[in-house]
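In case you want the letters, here they are:
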Amino acid sequence: YVQFYKFNRLGLAGYRDLEQNMMTNAKVIRDGMKRMTKDGKPRFVMLDNGDDRCLPVVTAMLNPDLNLGYDDIRLQYVIAESHWYVSAYAMSFTNPETENKEPLFRDAPEGQTMFRIVVKSNLTAKLALHLLDTLEHACQFLDEHENFTTQKLKKRLDATANGQVHHKPC
């Protein structure tokens with residue numbers, strides 16, 4: 001219904017421009033993530049279909065070949081400290097018959113995680129670049145603090161929400 005409303009309100013040309021803007025910003029984010037490396041290897045494995053005939057959603061996971069001491073979910077928590085919401089997911093499920101945790105896909109390990117960035121119509125090019133900068137700094141932070149547990153991070157986020165920690169403005 002939302003797309004239909006926007007189409008009616010903006011007309012074909014306006015709706016096309018809106019969608020093109022979202023796809024362009026998704027490409028900026030995707031290309032920026034593809035350029036990020038660690039130890040000469042890509043930092044991310046892109047999981048989405050790329051820039052053509054897809055949704056304005058960037059889907060990726062940390063490169064398993066890097067053997068990082070953190071996962072996409074911990075990355076999500078660090079990004080959230082900069083007031084960005086990036087959805088991270090475990091790629092496993094609990095089998096209802098056996099009650100065992102199993103991988104969601106046959107070619108992925110049980111503990112594999114991934115994340116997605118949904119590019120909305122109000123995301124500007126400047127904000128897309130800010131998100132990339134935030135993502136880069138979050139990875140650097142986690143590289144330096146691999147033992148920074150999710151529990152410690154949750155406490156830090158709670159302190160931030162309660163006004164006990166102050167951030168520099170963007």
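Residues numbered from 1 in each chain as written. Predicted model: local features only at pLDDT ≥ 70, side-chain atom pairs only at ≥ 80, totals over all residues. Heavy atoms only, no water.

**Some thoughts on the environment of Leu75**
Its place among the elements puts Leu75 in helix 2 (residues 72–80). Note on Leu75: relative accessible area 1%, which makes it buried. Taking the C-alpha atoms as reference, Leu75 lies 8.3 Å from Leu135; in sequence the two are 60 residues apart. Those residues in contact with Leu75, other than ones at most four positions away along the chain, are Phe44, Leu62, Phe115, Leu135, Ala138, Cys139 and Leu142. (Helix = DSSP H or I, 4+ residues; strand = E, 2+ residues; numbered from the N terminus. Buried < 20%, exposed > 50% of the residue type's maximum accessible area, 1.4 Å probe, protein only. Contact = heavy atoms within 4.5 Å.)

**Observations regarding the packing of aromatic side chains**
All chains considered together, the criterion is met by two aromatic pairs. Their ring planes at 75° and their centres at 5.7 Å tell us that Phe44 and Phe115 sit as a pair that is edge-to-face. Here Phe44 is found in strand 3 (residues 44–46), whereas its partner Phe115 is found in strand 8 (residues 113–118), with 71 residues between them in sequence. Side by side, Phe44 and Phe115 carry an identical accessibility label, which is buried. (Phe/Tyr/Trp six-rings, centres within 6.5 Å; stacked < 30°, edge-to-face > 60°.)

**Observations regarding the pattern of salt bridges**
For side chains bearing opposite charge, pairing can occur when the charged atoms are close. By the definition in use, this model includes four salt bridges. The shortest N-O distance in the salt bridge between Asp31 and Lys27 comes to 2.8 Å. Taken together, the residues span about one helical turn, with Asp31 and Lys27 both in helix 1 (residues 2–35) at a distance of four residues. Put simply, Lys38 and Asp39 hold a salt bridge, and the shortest N to O gap is 3.9 Å. (Salt bridge = Lys/Arg side-chain N within 4 Å of Asp/Glu carboxyl O.)

**Brief notes about the side chain of Thr113**
With respect to the helices and strands, Thr113 occurs in strand 8. Residue Thr113 is classed as buried on the basis of its relative accessible area of 4%. Reaching out from Thr113, the side chain makes a polar contact with the side chain of Asp72 at a distance of 2.6 Å. Apart from the residues within four sequence positions on either side, Thr113 is in contact with Met61, Asp71, Asp72, Ile73, Tyr89, Ala90 and Met91. (Polar contact = N/O pair within 3.5 Å; in protein donor to acceptor, adjacent residues only side chain to side chain.)

**Section: the sheet that holds strand 8**
A sheet is described by the order of its strands in space; here four strands give the open sequence 3-4-8-5, paired in antiparallel fashion. One side of each edge strand has no neighbouring strand; the edge strands of this open sheet are strand 3 and strand 5 (87–90). Averaged over all adjacent pairs, the angle separating strand axes in this sheet is 30°, with direction ignored. Here helix 2 sits on the sheet and contacts strand 3, strand 4 (57–62), strand 5 and strand 8; the angle it forms with strand 5, its principal contact strand, is near 160°. (Pairing = 2+ DSSP bridges. Axes fitted to C-alpha atoms, helices over the stretch in contact; angles between N-to-C directions.)

**Topic: the nonpolar core**
Counting residues in each nonpolar core, the largest one holds 30 residues, and the members touching the most others are Ile29, Met33, Phe44, Leu75, Phe115 and Ile117. Within the residue set of this core, elements represented by two or more residues are helix 1, strand 4, helix 2, strand 8 and helix 3 (125–144). Every residue in contact with Met33, bar those within four places of it in the chain, is listed here: Phe44, Met46, Val58, Ala60, Phe115, Ile117, Leu132 and Leu135. (Core = buried A, V, L, I, M, F, W, Y, C linked by side-chain atoms within 4.5 Å.)

**Some thoughts on a nonpolar patch on the surface**
A cluster of nonpolar side chains, Phe93, Leu104 and Phe105, forms an exposed patch at the surface whose accessible area comes to about 270 Å². Tracing the backbone through its elements, the reader meets Phe105 in the loop between strand 7 (101–103) and strand 8. With a relative accessible area of 41%, Phe105 lands in the partly exposed category. (Patch = residues over 30% accessible without salt bridge, like charges linked within 9 Å, V, L, I, M, F, W, Y side chains within 5 Å. Areas by Shrake-Rupley, 256 points an atom, 1.4 Å probe, with all protein chains shown as cover.)

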